Amino acid sequence: MQHLFHKLIALDQNLLMVILIVLFYSIEQIFNRPFQLKNRSIHFLHGLPLQLGYMAVNYGLAFVLVAWVQWIKTHHFGILYQIHMPYPAKIILGFLAIDFTFYWAHRLYHTWSLPWRLHRVHHSDISVDSSTFFRFHPFDATMDNTTFMIASGIFGIDFNTLLLFFLVNLVFTIAQHSKFIFPHWTDSILGKVFMTPNLHKIHHHQNQFYTDSNYGLTFIIWDRIFGTYKYLPVYKIKYGLEEFDDIKKQTFWYLLISPFKNIHRIKKPKQSNMHIAIKNSNLEKIID
Ligand SMILES: [Zn+2]
Ligand SMILES: [Zn+2]
């Protein structure tokens, strides 16, 4: 078991990323109609340089994160270093602790104006597919690395746990954005605990009522506990952000400079108000 774990975390994650993207992208192309290779290729090529920028910034910051985690290990800093328990239990708790920290960080990305300017690049995608995995602003890497450092400092996370978290989330993040619609049982069974692809797609709905929900990365349990869990069938989701609807705002260059632009968020009515609005419009039709 230990041998398997070490083999798992030693995997080349860049190679795995390429394999998964090729696999999911091909499945989407085969099973989804109409055949949209040209449009999908343009979409892919606008997202790819963003990911290359993200990886470049991420590699730079990796040195800081590695030094920080090494210092934590040397000084036995953080909660998990203070508690005696079997190592596998520490890994599981450490994994949960990182995901828990990311849940709160992700809520802040949606609440605070400055992180939202970066994070909205990911949400701006009007045609979500596996290559939406690419669509993160390069400076988004600074927020993600800060979150990893905070989680490591508070909870005492080691390298192995971080590597396992990177690996699992690589698979999850690509699958979560796949155009392939996963069967309902994935939500009704796995969705009790995990952030399934359908549940994450709700987070990409253009209506802010749904955008500000389902914040977890690996687990949905944090959303269920802290009241941000929402459900909607995938076919009802309209992807993107209204303020990025124009096709000219879907290009690599626009997305790269968009955090430095004052773009006001177009807010939709809350779900309860939407129901009232729909009821009123029906009433008006009856009166007419
Ligand atoms: Zn988000
Ligand atoms: Zn996403």
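Fair warning: this is a prediction, and the values are worked out from it, not measured in the lab.

A. Quick peek at the coordination of the zinc ion (ligand 1). Looking at the zinc ion (ligand 1), the protein donor atoms are His106 (NE2), His110 (NE2), His119 (NE2), His123 (NE2) and His203 (NE2), and they sit 2.1 to 2.2 Å from it. Coordination of the zinc ion (ligand 1) draws on donor residues from a single chain, spaced H-x3-H-x8-H-x3-H-x79-H in sequence. Here the residue histidine 106 and the residue histidine 110 both occupy positions in helix H5 (residues 87-111), the gap between them amounting to 4 residues, near one helical turn. Histidine 110 shares its class with histidine 106; the two are buried.

B. Inspection of the packing of helix H2 (residues 13-31) against helix H3 (residues 37-75) at higher detail. It is at 13 Å that the axes of H2 and H3 come closest, and there the two elements cross at 165 degrees. Classified by the angle between their axes, H2 and H3 sit roughly antiparallel to one another. In this structure, the crossing between H2 and H3 has a hand that is right-handed. Between H2 and H3, the residues in contact are Asn14, Met17, Ile21, Tyr25, Glu28 and Gln29 and Leu37, Arg40, Ser41, Phe44, Gln51, Met55 and Tyr59, respectively. Residue classes in the contact of H2 with H3 are distributed as 7 nonpolar, 4 polar and 2 charged.

C. Broad picture of the coordination of the zinc ion (ligand 2). With distances of 2.0 to 2.1 Å, the protein atoms coordinating the zinc ion (ligand 2) are His122 (NE2), His177 (NE2), His200 (NE2) and His204 (NE2). Note that the zinc ion (ligand 2) binds 4 donor atoms; their angles at the metal cover 93 to 158 degrees, and the shape is irregular. The sequence motif formed by the donor residues of the zinc ion (ligand 2) is H-x54-H-x22-H-x3-H. You can see histidine 122 sitting in helix H6 (residues 113-123) and its partner histidine 204 sitting in the loop between helix H10 (197-202) and helix H11 (208-211), a full 82 residues away along the chain. Exposure class is identical for histidine 122 and histidine 204. Each is buried.

D. Main features of the environment of serine 41. Of note, serine 41 is situated in helix H3. Exposure remark for serine 41: the relative accessible area of 29% places this residue in the partly exposed category. A C-alpha to C-alpha distance of 14 Å links serine 41 and isoleucine 30, two positions 11 residues apart in sequence.

E. Inspection of unusual backbone geometry at higher detail. Phi at histidine 76 takes a positive value of approximately 50 degrees, unusual for a residue other than glycine. Judged by its relative accessible area of 45%, histidine 76 is partly exposed. Even without being a glycine, asparagine 214 presents a positive backbone phi close to 45 degrees. Positionally, asparagine 214 belongs in the loop between H11 and helix H12 (221-226).

F. Spatial organisation of the nonpolar core. Ranked by size, the top nonpolar core spans 25 residues in total, and within it Ile98, Phe102, Phe148, Ile157, Leu162, Leu164 and Phe165 carry the most contacts. Contributions of two or more residues to this core are made by helix H1 (2-9), H3, H5, helix H7 (140-155) and helix H8 (159-177). Among all residues touching isoleucine 98, those that are not within four sequence positions of it are Phe148, Ala151, Ile157, Thr161, Leu162 and Phe165. Listed in part, the 11 residues of the second largest apolar core include Leu20, Phe134, Ala175 and Phe182.

G. Representation of the side chain of glutamate 243. Looking at the secondary structure, you find glutamate 243 in the loop between H12 and helix H13 (252-257). The buried charged residue glutamate 243 lacks any salt bridge partner; its closest oppositely charged side chain belongs to arginine 265, at an N-O distance of 4.7 Å. Polar contacts involving the side chain of glutamate 243 include one to the main-chain amide nitrogen of isoleucine 266, which spans 3.3 Å. Residues within four places of glutamate 243 in sequence aside, it is in contact with Lys249, Ile263, His264, Arg265 and Ile266.

H. Region of interest: the side chain of threonine 186. Within the element layout of this structure, threonine 186 appears in helix H9 (residues 184-188). Within the structure, the side chain of threonine 186 is placed 2.5 Å from the backbone oxygen of proline 183, a separation counted as a polar contact. When near neighbours in sequence (up to four residues on either side) are disregarded, threonine 186 contacts Gly191, Thr196 and Asn198.

Definitions and cut-offs
Residues numbered from 1 in each chain as written. Chains lettered and ligands numbered in written order. Predicted model: local features only at pLDDT ≥ 70, side-chain atom pairs only at ≥ 80, totals over all residues. Heavy atoms only, no water. Donors = N, O, S within 2.8 Å, 3.2 Å for Na, K, Ca; no water. Helix = DSSP H or I, 4+ residues; strand = E, 2+ residues; numbered from the N terminus. Buried < 20%, exposed > 50% of the residue type's maximum accessible area, 1.4 Å probe, protein only. Axes fitted to C-alpha atoms, helices over the stretch in contact; angles between N-to-C directions. Parallel < 35°, antiparallel > 145°, perpendicular 65-115°, else oblique. Left-handed = near helix turned anticlockwise from the far one by under 90°. Contact = heavy atoms within 4.5 Å. Nonpolar A, V, L, I, M, F, W, Y, C, P; charged D, E, K, R; others polar. Tetrahedral: all angles 85-135°; square planar, octahedral: opposite > 155°, others 65-115°. Core = buried A, V, L, I, M, F, W, Y, C linked by side-chain atoms within 4.5 Å. Lys, Arg positive; Asp, Glu negative; His and termini not counted. Salt bridge = Lys/Arg side-chain N within 4 Å of Asp/Glu carboxyl O. Polar contact = N/O pair within 3.5 Å; in protein donor to acceptor, adjacent residues only side chain to side chain.

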